[in-house]
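# Observations on the three-dimensional arrangement
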Amino acid sequence: MHDAPLIIRNVVARAVVAPISRPVRTAMGTIPAAPLVLLDVHTEQGVTGSAYLFAYTPVTLGPLVKLAENLGELLKGKRVVPFERIKELDLHFRLLGTQGLLGMVLSGLDMAFWDILGKAAGKPVVALLGGEPKPIRAYDSYGFVDPVADAAQIQRSLDQGFRGIKIKVGADTLAQDIASVGAVRRMIGPDIALMLDFNQSLGPTEACHRIGSLADFDPYWIEEPVSAQDLQGHARVRASTRVPIQTGENWWFPRDMQRAVSAGASDVVMVDMMKIGGITGWMAAAAQADAASLPLSSHIFVEASAHALPVTPTCDWLEYLDFAGAILESPYEVRNGTVCARGDGLGIAWNEDAVSRYAVQ
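Residues numbered from 1 in each chain as written. Predicted model: local features only at pLDDT ≥ 70, side-chain atom pairs only at ≥ 80, totals over all residues. Heavy atoms only, no water.

At a minimum axis distance of 10 Å, the contact between helix α2 (residues 82–92) and helix α3 (residues 100–121) shows a crossing angle of 160°. One way to sum up the angle between α2 and α3 is to call them roughly antiparallel. Once α2 is placed against α3, the crossing between them reads as right-handed. The residues of α3 that touch α2, namely those facing Pro-82, Arg-85, Ile-86 and Leu-89, are Leu-106, Asp-110, Phe-113, Trp-114 and Leu-117. Partitioned by chemical class, the residues of the contact of α2 with α3 number seven nonpolar, no polar and two charged. (Axes fitted to C-alpha atoms, helices over the stretch in contact; angles between N-to-C directions. Helix = DSSP H or I, 4+ residues; strand = E, 2+ residues; numbered from the N terminus. Parallel < 35°, antiparallel > 145°, perpendicular 65-115°, else oblique. Left-handed = near helix turned anticlockwise from the far one by under 90°. Contact = heavy atoms within 4.5 Å. Nonpolar A, V, L, I, M, F, W, Y, C, P; charged D, E, K, R; others polar.)

Among the five residues that make up strand β6 (residues 193–197), five are buried, leaving the element largely enclosed by the rest of the structure. Across the two faces of β6 the burial is the same, with Ala-193, Met-195 and Asp-197 and Leu-194 and Leu-196 all buried. Note: strand β5 (residues 164–168) against β6, five bridges, orientation parallel. Within the sheet, the bridge partner assigned to Gly-164 lies in β6 and is Ala-193. Traced from β5 through helix α6 (residues 174–188) to β6, the parallel crossover comes out right-handed. Summarising the sheet, β6 and strand β7 (residues 221–223) pair through three bridges and their orientation is parallel. Pairing of Met-195 across the sheet is with Trp-221, part of β7. (Buried < 20%, exposed > 50% of the residue type's maximum accessible area, 1.4 Å probe, protein only. Pairing = 2+ DSSP bridges. Right-handed = clockwise from strand over helix to strand, strands pointing away.)

Following this line, the structure appears as structure tokens:
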């Protein structure tokens, strides 16, 4: 237990491209492996906080690493107080704005700050937030599926106890979407939640048309049918269907969420830890979701999300899409379809042999 103030010494950032168990094929492209930036915030007291960023494409790895290192220079000598540090950095970059790559790094640093506090206290982050580790129901997240080739994998998900399966839609034709969704629904039966994700691939008119044809398969939600920034388009799609509309993974910080909630853009919301502002931003988003009575789920970042969801009043689902497992000393596991937080901190420790193996210079 550290009673003295924790002072930031430096930030170390490293790039890796980690293998994943199955490629994620979406309407907007394929993710064959996970380009990650590993962040370590070292303190003068010897406590190190760790987090990672999902870079989406290897093209952004170099800029993200350099940006994190540059921000480390701004943070050197500062106390590890997440709320104050993020407030300070938000003001520092007010003219530029805190979206995009900068927002990703700010959120990742916030996660690392909370990891430091948890490790220093000898507690999981969820306990610092006023909660306790508890199993959160998870759904297994797929890309486009081939009902024949992927049948064994989907059955394995069911055998692991998942009560929800998400697949990507938005194929070249509606007929292809109908065939895929229908086959998966028959495979998993009527009692498993089936989420459908368009990954922003449609315009509002086409989205209304396709969702009308897919509604008979009883989707649990339809995710991002149109551009994430098209809040009116989402509201229009939402008004056209009885199927719940899900959006939120591309909101930048809680103010973006406020705009979307005000526009009536979705029935349920999904928060991305790396875009919403880390743990600190998540808590503000969770309060908004509670005030608006909107069920809130997580987007990727299994480890940090497992700590934030138990203290989210409208907690819904944890998305299980394990991008970091290959470079973690002890990856988070699914137990009977649930994921549970662990600590100290966020429960993240790097497997340095794997980090060296998958490193990108």
